[in-house]
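Structural features, examined
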Amino acid sequence: HDALPLPNGDVLFMTEEERSVDVEELGGMTTLKGDKLIRVSADGAVSWSWSNFDYLDTNRFPGALSMEEARDSQALDWSHGNAVALFPDGNSILYSARNQSWLVKISLDSGDVQWILGEEGDFSLTSGEWFYNQHAPELEADGSLVLYDNGNERPTGSSTRAVRFQLDENAMEVSQVWEWDSPLYTD
């Protein structure tokens, strides 16, 4: 769903994979579609991979989209990754899991999840409103994060906006500093 050229010439690709997992809420073994990130060098060698199945809670279904069948599959579209972005330090990436309404910071060295941003994630929201079913997160030079908030599963009703958040990774706090509400809802 996305590809990210890295400064050293490698490319990070986002692919999909399916796994059968035990989902207690759904009564047992269920096939989920998740995301896998693969780092490929210029000579085609895979040097690193990461699967959200190994790091995120496969029993978390925050809304209806995470429980819908994926296109061309009977697997549930559990995460629906749609973007990756590189942090300025070049050592971490930001992965967007649309159907989880989460942005995940991942170490490119270890693959460890450094934090999760979004409702029920690691940050406290000090002002504004969380995003829902997001696309296109961009890390800005001033340390802020801009994204397209589809808003499909917003508890106050579906609405679409562009939004900017300021992150404080030391305090694990995030504040909304700007938004533009679209006159048209885009599902």
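As a starting point, this report considers the structure included with it. Residue numbers restart at each chain and count upward from 1, following the sequence in its written direction. For a predicted model such as this one, the threshold for reporting local features is a pLDDT of at least 70, and the threshold for listing and counting side-chain atom pairs is 80 or more; totals across whole chains, interfaces and linings nevertheless cover every residue. Only heavy atoms go into the side-chain values, all of them from the structure, while hydrogens and water stay out.

Numbering of helices and strands runs from the N terminus, with a helix taken as a DSSP run of H or I at least four residues long and a strand as a DSSP run of E at least two residues long. Within the secondary structure, Ala 141 sits in the loop between strand E10 (134–139) and strand E11 (144–149). On a C-alpha basis, the gap between Ala 141 and Phe 87 in space is 9.9 Å, while along the polypeptide they are 54 residues apart.

We now examine a nonpolar patch on the surface. Note on patches: the residues involved have over 30% relative accessible area and no salt bridge, like charges join within 9 Å, and the nonpolar side chains Val, Leu, Ile, Met, Phe, Trp and Tyr join within 5 Å. The protein chains shown are the only cover counted for residues, whose accessible areas, like all others here, come from Shrake-Rupley with a 1.4 Å probe. For salt bridges, the criterion is a side-chain nitrogen of Lys or Arg within 4 Å of an Asp or Glu carboxyl oxygen. On the surface, Val 177, Trp 178 and Trp 180 cluster together to form a nonpolar patch covering roughly 340 Å² of accessible area. Within the secondary structure, Val 177 sits in strand E13 (residues 173–181).

Attention now moves to the pairing of strand E7 (residues 102–107). Taken residue by residue, a regular strand's side chains alternate between the two faces of the sheet. In this scheme, a residue with accessible area under 20% of its type's maximum is buried, one over 50% is exposed, and one in between is partly exposed, where area comes from a 1.4 Å probe on protein chains only. Burial analysis of E7 places 6 of its 6 residues in the buried class, the great majority of the element. Residues Trp 102, Val 104 and Ile 106 of E7 are buried on one face, and the alternating residues Leu 103, Lys 105 and Ser 107, pointing to the opposite face, are buried as well. At least two bridges found by DSSP between two strands is the condition for calling them paired. Sheet topology places strand E6 (residues 92–97) next to E7; 6 bridges connect them, and they run antiparallel. Paired with Ser 96 across the strands is Leu 103, a residue of E7. Between E6 and E7, which pair antiparallel in sequence order, lie 4 residues; one of them, Ser 101, sits at a positive phi of approximately 55 degrees.

The biggest cluster of nonpolar side chains holds 24 residues, and the ones touching the most others in it are Leu 12, Leu 32, Leu 37, Trp 48, Ile 93, Tyr 95 and Ile 106. Elements with a contribution of two residues or more to this core: strand E2 (11–23), strand E3 (28–40), strand E4 (46–51), E6 and E7. No other element matches the 4 residues that E2 contributes to this core. Note on contacts: a residue pair qualifies if any of its non-hydrogen atoms lie within 4.5 Å across the two residues. For Ile 93, the residues in contact, after removing those within four places along its chain, are Leu 4, Leu 12, Leu 37, Trp 48, Ala 85, Leu 86, Phe 87, Val 104, Lys 105, Ile 106 and Leu 108. Buried Ala, Val, Leu, Ile, Met, Phe, Trp, Tyr and Cys residues form a nonpolar core when they are joined through side-chain atoms within 4.5 Å. Listed in part, the 16 residues of the second largest apolar core include Phe 123, Trp 130, Leu 147 and Leu 167.

On to unusual backbone geometry. Here the phi dihedral of His 80 falls at roughly 50 degrees; this positive angle occurs in a residue that is not glycine. With respect to the element layout, His 80 can be found in the loop between E4 and strand E5 (81–86). The class for His 80 is buried, based on a relative accessible area of 18%. The phi torsion at Ser 101 lies on the positive side, around 55 degrees, for a residue other than glycine. Turning to its location among the elements, Ser 101 is positioned in the loop between E6 and E7. We classify Ser 101 as buried; its relative accessible area is 7%.

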